Amino acid sequence: MQQSYRLSTSDKRVLSLLSRRSPLSKRAIADAGGMGWATVVNSIGELIDIGFVESAGTAKSTPATRGRHAETYTLSDHRPLVVGIDVEYTRTHVALINLKGSILAESMYRTVQDPEQEDVVRFLTATFETFREEVGFQVDNIAGVGLAIPGIAFPSRSPRDNLAKSQQLSSELQRRFGITVRVAQNTKAYTAFQNWFHDKGSSRDFMQVSIRTGVGTGIVHQGQQYLGTHGLAGEIGHLKVGGGGLPCRCGKTGCLETVVNERYLFEQYRTRVLSNEFAPNTGNSSDIDGVREGLRGLFDDAVAGNPEARRILDTVAGYLGRALAATITTLDINYVIISGH
């Protein structure tokens, strides 16, 4: 049976401070968090009792140190643990993670293709159970599951229907797993991570763009993520940019993500740069390892000055740049993070 913990606001603040600046003494926590001494002492005691925080030894001495050296504290390596499931259109990455954000174990699985809602539930249930058996963790030690899914076409082909479908998916998986399950669009989930853990200087406004099998976008304004009415704000991957009018999984043609994605880049490299003699050895766009190796070759060749490799990247960069420019102008935002595998 999953254990549940009722953390106070102070407990959460202590955990947040330790996640950023660990190890810290009680006095340092009180000063950094604007909390009273008694509040910090109580929170540290409670968090140690439930195994979320542990002693990190005494602080190093300084010229200003007086009396006993202060005890310092850090987050536990072992509790609580969570399972993160990152679903892409072709592959699903599952990881066991501790409170520090360290990955303790991970595996990759092929994603079910063209699924209906019941297929999605079966796939995720089987994936979770397979991972549990491989890693050997007990469900009792898991605080919850974070599930990240693509924004369009999975689990629903209707963007406006995605929120309701995601809520249904969360409820069904919670019932099957017996632990808390939270579902979010995968780039939005990664944007939350960027917002919490990465140093963006003084900027509280930024846009996160993830290029993988598609193009996902997350927007943060004044330190809060903006999701929009249906949780799909900023989906620049479905802006029409041309590119020969290729069909998109959203039902339209010529979307940005049809010409800015890993598989498209790989196919362009395979057919336009590599000779017919060597092309078969690079695999195909459904071969995960082959795509990654091919993309390394594409960028290496472009850096080395291969004109066709440069043309491929220049063309794709032009599509991406125009979409970003339009979005930046519309949002009046000046900090963009672009990520990929």
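Note that the structure is a prediction, hence the values are computed from the model and not measured.

**Some remarks on the overall build of the protein**
Within the protein, the secondary structure is distributed over 10 helices and 12 strands. Taking contacts inside the protein between residues at least 6 apart in sequence as the whole, the part at least 24 apart equals 55%. Within the structure as shown, the protein displays about 18000 Å² of accessible surface, and the carbon and sulfur contribution to it stands at 50%.

**Description of the packing of helix H8 (residues 262-272) against helix H10 (residues 307-331)**
Viewed as axis vectors pointing N to C, H8 and H10 meet at an angle of 155 degrees, and their least axial separation amounts to 10 Å. As far as their axial angle goes, H10 and H8 are roughly antiparallel. Along this stretch, H8 crosses H10, giving a crossing that reads as right-handed. On H10, the residues touching Tyr-264, Leu-265, Gln-268, Tyr-269 and Arg-272 of H8 are Glu-308, Arg-311, Ile-312, Leu-313 and Val-316. For the contact of H8 with H10, a count of residues per class yields 6 nonpolar, 1 polar and 3 charged.

**Some points on the packing of helix H2 (residues 26-33) against helix H3 (residues 37-49)**
The contact between H2 and H3 brings their axes to 9 Å, and the two run at 120 degrees. With respect to each other, H2 and H3 are oriented oblique. H3 is crossed by H2, and the crossing has right-handed handedness. Where H2 approaches H3, its residues Lys-26, Arg-27, Ile-29 and Ala-30 are matched on the opposing element by Trp-37, Val-40, Val-41 and Ile-44. Of the residues in the contact of H2 with H3, the class split is 6 nonpolar, no polar and 2 charged.

**Overview of the environment of Glu-267**
With respect to the helices and strands, the residue Glu-267 is situated in helix H8. Residues Glu-267 and Leu-295 lie 28 residues apart in sequence; the distance between their C-alpha atoms is 9.6 Å.

The rules behind the values
- Residues numbered from 1 in each chain as written.
- Predicted model: local features only at pLDDT ≥ 70, side-chain atom pairs only at ≥ 80, totals over all residues.
- Heavy atoms only, no water.
- Helix = DSSP H or I, 4+ residues; strand = E, 2+ residues; numbered from the N terminus.
- Contact = heavy atoms within 4.5 Å.
- Areas by Shrake-Rupley, 256 points an atom, 1.4 Å probe, with all protein chains shown as cover.
- Axes fitted to C-alpha atoms, helices over the stretch in contact; angles between N-to-C directions.
- Parallel < 35°, antiparallel > 145°, perpendicular 65-115°, else oblique.
- Left-handed = near helix turned anticlockwise from the far one by under 90°.
- Nonpolar A, V, L, I, M, F, W, Y, C, P; charged D, E, K, R; others polar.

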